[in-house]
Amino acid sequence: MFSSIAIIAAIAPLAFAHSHVDEIWANNIHYTGYNPNGFPPYPSNTPGWFTTNSGGNPLYPVNTTAIICGVGGSPANISAPVAAGGIVRARWWQPGEWPVSHHGPVLDYLAPCNGPCSKVNPESLKFVKIDQRGWLNTSTWQEGTWAADELRADDQSWNIKIPAGLKAGEYILRHEIIALHVAFEGGAGAEHYPQCINLKVTGSGTKTITGGVDARTFYRGDEPGLDIDIHTTNDHSGYVIPGPPVWSGAVKKDRSFEA
Ligand SMILES: [Cu+2]
């Protein structure tokens, strides 16, 4: 009996160690993201997708519906306008900051809704990857510095560049952090934190997204980018970011928004 109480005490803080996107900026307009921990959950109008994931818990296995836009993910009811070539900024909520242990890549995907994103079926979405960033350098002595550390250092936030010339219309942006701290053999596995955001892309662009895939096919779980012990060295210079290649219509370098 005492041991089960001890286990609950040990697990409870971990639930809140996880996270969701609580603030979104698009075209320099600020939106509050959906907060499943609110009482009641809030806000009711937001471009951030609704989930039932009150602990913000990571998701695995990687081929289930929850990987698409989170546990119980259902479409946000408004779409944030953003110009093609413009920036969307997503800030992750933490009581403090993104956990320092949660090293790993940051990836962004985009899928056309072919209509209002508020009505889309997540299982129908076909995504392309528009940017990615993985291991960066050996500047910390343990696991090295990763994209998630950079996010943590930038006020728990990430800037995502919407491809220039993208055709106007509604799109789902799927922003994801993958934490690798327990991805080693015998660990719990890589932790996936997806957050979907409804966008209304504007402009006179003509680029359409082709070759997109279902998010349930992005990862296997045993590829080198997910099945990795990051604690053995701070030099992961051979690290291969998991998932499909970056879409040819996006800027062809990691972290495309830097240009
Ligand atoms: Cu975690």
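Residues numbered from 1 in each chain as written. Predicted model: local features only at pLDDT ≥ 70, side-chain atom pairs only at ≥ 80, totals over all residues. Heavy atoms only, no water.

S.K.: Quick rundown of the pattern of salt bridges? Include the residues and the values.
M.R.: Oppositely charged side chains may form a pair once their charged atoms are brought near each other. Counted by the stated rule, this structure contains 10 salt bridges. Glu23 is paired through a salt bridge with Arg91; the nearest N and O atoms lie 3.4 Å apart. One end of the pair, Glu23, is in strand β1 (residues 21-26); the other, Arg91, is in strand β4 (residues 87-92), and 68 residues separate them in sequence. Of the residues examined, Arg91 reaches a relative accessible area of 18% and is grouped as buried. For the salt bridge of Arg152 with Glu97, the shortest nitrogen-to-oxygen distance reads 2.9 Å. (Salt bridge = Lys/Arg side-chain N within 4 Å of Asp/Glu carboxyl O. Helix = DSSP H or I, 4+ residues; strand = E, 2+ residues; numbered from the N terminus. Buried < 20%, exposed > 50% of the residue type's maximum accessible area, 1.4 Å probe, protein only.)

S.K.: Any details on the packing of aromatic side chains? Residues and values, ideally.
M.R.: Taken as a whole and judged by the stated rule, the model has eight aromatic pairs. Centroid distance Trp98 to Tyr193: 5.0 Å. Interplanar angle 80 degrees. Geometry classified as edge-to-face. One end of the pair, Trp98, is in the loop between β4 and β5 (106-112); the other, Tyr193, is in strand β11 (residues 191-202), and 95 residues separate them in sequence. Of the two residues, Trp98 and Tyr193, both sit in the buried class. (Phe/Tyr/Trp six-rings, centres within 6.5 Å; stacked < 30°, edge-to-face > 60°.)

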